[in-house]
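Below are the chains, spelled out letter by letter.
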Amino acid sequence: MAEASAGGGAPPETSLSIALSRRAGVRPWWRTPTARRWVFGYTLLAPAVLYVGLLVGVPFLFSLYLSMSDASVGDPVARFVGIENFKAALESSTFYVALRNTLVFTVGAGILKGLLGTTLAFLLIQQFRGRKIVRALVVIPFTLPIAIAVLGWKWMFDSQFSVLNWALNQLHLIGAYGSPDWPVWLGQPGLALASVMFVNVWRGFPFGAIVLMAGMTSVAPEIIEAAKVDGASFMQRFRMVIVPMIAPILFIGSAFDTVFTLSDLSIVYLLTNGGPDGATEILPTLAYNTGIRGGALGRGAAISLFLFPLLLPAMILLLRTLRRRQY
Amino acid sequence: MATMAVQAPRTHRSKEIRRHALIYLGLTPFLIIAVFPIFWMLITALKQEPDLYRMDIVPFWFHLPPTWKNFDFLFNRTFYGDWIVNTMAISFWVSVITLFTAVPAGYALARLRLPFAENMGIGIFMTYLVPGIILFLPLARVVSLLDLQDSWWSLVAIYPTFTIPFCTWLLMGFFKTVPFEIEEAAMIDGCGQLGALLRVVLPVSWPGLITSCIFSFTLSMQDFLYSLAFVSVSDQKPVPLGVATELIRGDVYFWGSLMAGALLVGVPVAILYNLFLDKFISGITGAAIK
């Protein structure tokens, strides 16, 4: 812990404080170097803590309050309505569709990102020519501002002039435009959900790969060598040495990715805005459309709070991983 | 493997070649899927309108000469210029706020052996994970309370909620690597604690400070939700929001200028982010490596 060393080493302070302490016999606690360092330290911390406290902590509590009120955009005077908003959400079928889509989206895309990210990471840790440039190109989806990337996909998923359809049509994998075999990516329920998931995977797999690479390169080769000398087989080395060592990083990476995926509005909002017919409605779009477009702040806040229990496991996982690193 | 090479060096070499070929083969699909959208956006941005809507010809190249018309349209017929200015101004002020709060906080947490420093650091970092989708409705109230609705200043106020946690965490790791001795030397030379921070620690920490500014910029550019929720006046929007909402009339998408506007800002951001990506990864996984 940090305190262990905190009291240590009463350093040569200013002559004034020494003189004072001599006269008084005991130096008052607030004049001790430790106390002064603490005051200085907490003063330095204060702006950041206040900013984050006021604009994250307070709004979070305020959203709890909002969710239990009938606040709306037009009417600033809110009435306390208890769990009415939550009940209303649980009674509407749209909510269940959104919840189901959110889960399918997050879990399905998560698995795909894991598979693709791992494959890519194993390819990228090999030694080969042009590795740096390949890496720089392959992470583009993650580094491009998300709204901008999604616009590109929107054009590629165009109902008529989709370049994907053109290519698939040339390969005779799909029918002609206008025929039932011509996929309208964002216009058919099943395809629309697959498309928004695809864009999420496209954006997330490079992140998975580089997080995994960071983990793999942090395993010192000497340790693996040592395990080899001790007679561990490849599978044993993998299970007993590599996996436990990269596990914390993997947890952190997947926790981040889960939070980003669960709370991301832009992909669905820009591609389909929940359509067609609610097929891609997820909790973020539902919360946005209810709270901002519909003006029902309380309803919207209640819906967005349903995300919290979904986010919690990821956050707890992260917290525990970070805490364990204390030394 | 059927190859029976006569000479040992050649075997080695052909093995190397085969290994490379396999790796490239494995990487090709990833590369195509990662880069193709950029290529497609670029060529769309440079095509003439009639060239975009043809289904009978290969779409991957120009059939009419390339044109700057889409860029022209952006700057002369839309608020694109304003959006760029807004984006720059937002990034500037967010960086300033972030530096003035995250630098002292990171320093205090890393160096001053405060009680609960580690836990407070983790606490601040965890706020980075409280997603906008939970906060945007109450923050909408905050924004209207501050009378900032429909102005890009609302984003200046809100973006530090995620840049401060991230940069504090980043700088905390950074300050830990600055040797204690130089600070001690400064204090022996008569600097106070604050003097040592300002005159000795900060000047050697400029890479950390620049990194913080870069992330204030790139992380701000990743936002869509807050700008969508708080800014609806055309000339106040940042680029991603402006491009996504203003270049559409009803059902008609101006694909050429949409892609032009998206790339003009997206590519520089992607390059910048790319250069600092390792810092981002070690920032978020920071505690887990080592």
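Everything numeric here is computed off the predicted structure, so don't read it as measured data. (Residues numbered from 1 in each chain as written. Chains lettered and ligands numbered in written order. Predicted model: local features only at pLDDT ≥ 70, side-chain atom pairs only at ≥ 80, totals over all residues.)

Scanning chain A for helices and strands turns up 16 helices and 0 strands. The C-alpha atoms of chain A give 27 Å as radius of gyration, which overshoots the globular expectation for 327 residues (20 Å, by more than 25%). Structurally, chain A occupies a C-alpha span of about 95 × 70 × 30 Å along its principal axes. Considering only intrachain contacts with a sequence separation of at least 6, the fraction spanning at least 24 residues in chain A is 66%. (Helix = DSSP H or I, 4+ residues; strand = E, 2+ residues; numbered from the N terminus. Rg over C-alpha atoms; globule rule 2.2 N^0.38 Å. Contact = placed C-beta atoms within 7 Å.)

Attention now goes to the overall build of chain B. Scanning chain B from terminus to terminus reveals 15 helices and 2 strands. Scaling as 2.2 N^0.38, a compact globule of 290 residues should have a C-alpha radius of gyration of about 19 Å, whereas chain B reaches 25 Å, well beyond that. Taken along its principal axes, the extent of the C-alpha atoms in chain B is 75 × 75 × 35 Å. For chain B, long-range pairs separated by at least 24 residues make up 75% of all intrachain contacts whose partners lie at least 6 apart in sequence.

With 80 residues of chain B at the contact, the number on the chain A side is 86 residues. With 14 residues, the top contributor of residues to the side of chain B that touches chain A is helix α1 (residues 8-46) of chain B. Split into classes, the residues belonging to the side of chain B that touches chain A amount to 63 nonpolar, 14 polar and 3 charged. (Nonpolar A, V, L, I, M, F, W, Y, C, P; charged D, E, K, R; others polar.)

Turning to the nonpolar core, a few remarks are in order. Ranked by size, the top nonpolar core spans 167 residues in total, and within it A:V150 and A:L151 carry the most contacts. Counting residues per element, this core draws most heavily on helix α10 (residues 189-217) of chain A, which supplies 15 residues. Leave out the neighbours within four places in its chain, and A:L151 touches A:L270, B:V243, B:A244, B:L258 and B:A262. (Core = buried A, V, L, I, M, F, W, Y, C linked by C-beta atoms within 7 Å. Buried ≥ 20, exposed ≤ 12 C-beta atoms within 10 Å, placed from the backbone.)

Before going further, it helps to examine helix α4 (residues 80-111) of chain B. Residues spaced three or four apart along an α-helix point in a common direction, a consequence of the helix completing one turn every 3.6 residues. Residues and elements named next belong to chain B. Given a rise of 1.5 Å per residue, 32 residues ought to cover 46 Å, and the 45 Å separating the end C-alpha atoms of α4 matches this to within 8%. Largest kink in α4: about 25°, centred on L99. Within two residues after α4, R113 carries a phi angle of roughly 45°, on the positive side. (Expected span 1.5 Å × (residues − 1). Bend = angle between axes of the 7 residues up to and from the residue.)

Attention now moves to the domain arrangement of chain B. Partitioning chain B into structural domains gives domain 1 (14-57 + 64-70) and domain 2 (80-246). Using only C-alpha atoms to locate each centre, domain 1 of chain B and domain 2 of chain B end up separated by 36 Å. (Domains from an automatic or database assignment.)

As assigned here, chain A comprises domain 1 (3-67) and domain 2 (85-324). A separation of 42 Å is found between the C-alpha centroids of domain 1 of chain A and domain 2 of chain A.

Moving on: helix α15 (residues 277-285) of chain B. Residues of α15(B) that are buried include every one of B:F280, B:I281, B:G283, B:I284 and B:T285, and no others. Packing partners of the buried residues in α15(B) comprise α10 and α12 (234-263) of chain A together with α8 (160-176) and α11 (206-221) of chain B.

This brings us to unusual backbone geometry. Despite not being glycine, A:H172 shows a phi value in the positive range, around 60°. Its place among the elements puts A:H172 in the loop between α9 (163-170) and α10. At B:D147, a residue that is not glycine, the phi angle is positive and equals roughly 60°. Along the chain, the position of B:D147 falls in the loop between α6 (132-145) and α7 (153-158).

Take A:F161: it is sitting in the loop between α8 (146-156) and α9. The class of A:F161 is partly exposed, set by 17 C-beta atoms lying within 10 Å. Between the C-alpha atoms of A:F161 and A:I267, which are 106 residues apart in sequence, the distance is 20 Å. When near neighbours in sequence (up to four residues on either side) are disregarded, A:F161 contacts B:L52, B:Y53 and B:M55.

Bringing the environment of A:L297 into the picture now. Turning to its location among the elements, A:L297 is positioned in helix α15 (residues 297-305). Between the C-alpha atom of A:L297 and that of A:G187, which follows or precedes it by 110 residues, the distance is 29 Å. Not counting residues within four places of it along the chain, the set of residues in contact with A:L297 comprises A:L66, A:A71, A:S72, A:V73, A:G291 and B:L137.

Mapped onto the secondary structure, A:L112 falls in helix α5 (residues 93-124). You can call A:L112 partly exposed: it has 18 C-beta atoms within 10 Å.

Residues and elements named next belong to chain B. Orientation of helix α3 (residues 69-77) relative to helix α14 (residues 255-275), taken along the N-to-C sense of each, is 75°, at an axis distance of 8 Å. Taken together, the axis directions place α3 and α14 in an arrangement best described as roughly perpendicular. Residue-level contacts link N70, F71, F73 and L74 of α3 to G256, S257, A260 and G261 of α14. (Axes fitted to C-alpha atoms, helices over the stretch in contact; angles between N-to-C directions. Parallel < 35°, antiparallel > 145°, perpendicular 65-115°, else oblique.)

Turning next to the confidence of the model for chain B. Residues and elements named next belong to chain B. For chain B, mean pLDDT is 86; residues scoring 70 or higher make up 95% of the total. No element of chain B has a lower mean pLDDT than strand β1 (residues 248-249), at 80, and none a higher one than α7, at 94. Segment residues 1-5 is flagged for pLDDT under 50; beyond a separation of four residues in sequence, or across chains, it makes 4 contacts in the model. Across the whole predicted complex the pTM is 0.86, and at the interface the ipTM reaches 0.87. (pLDDT = per-residue confidence, 0-100.)

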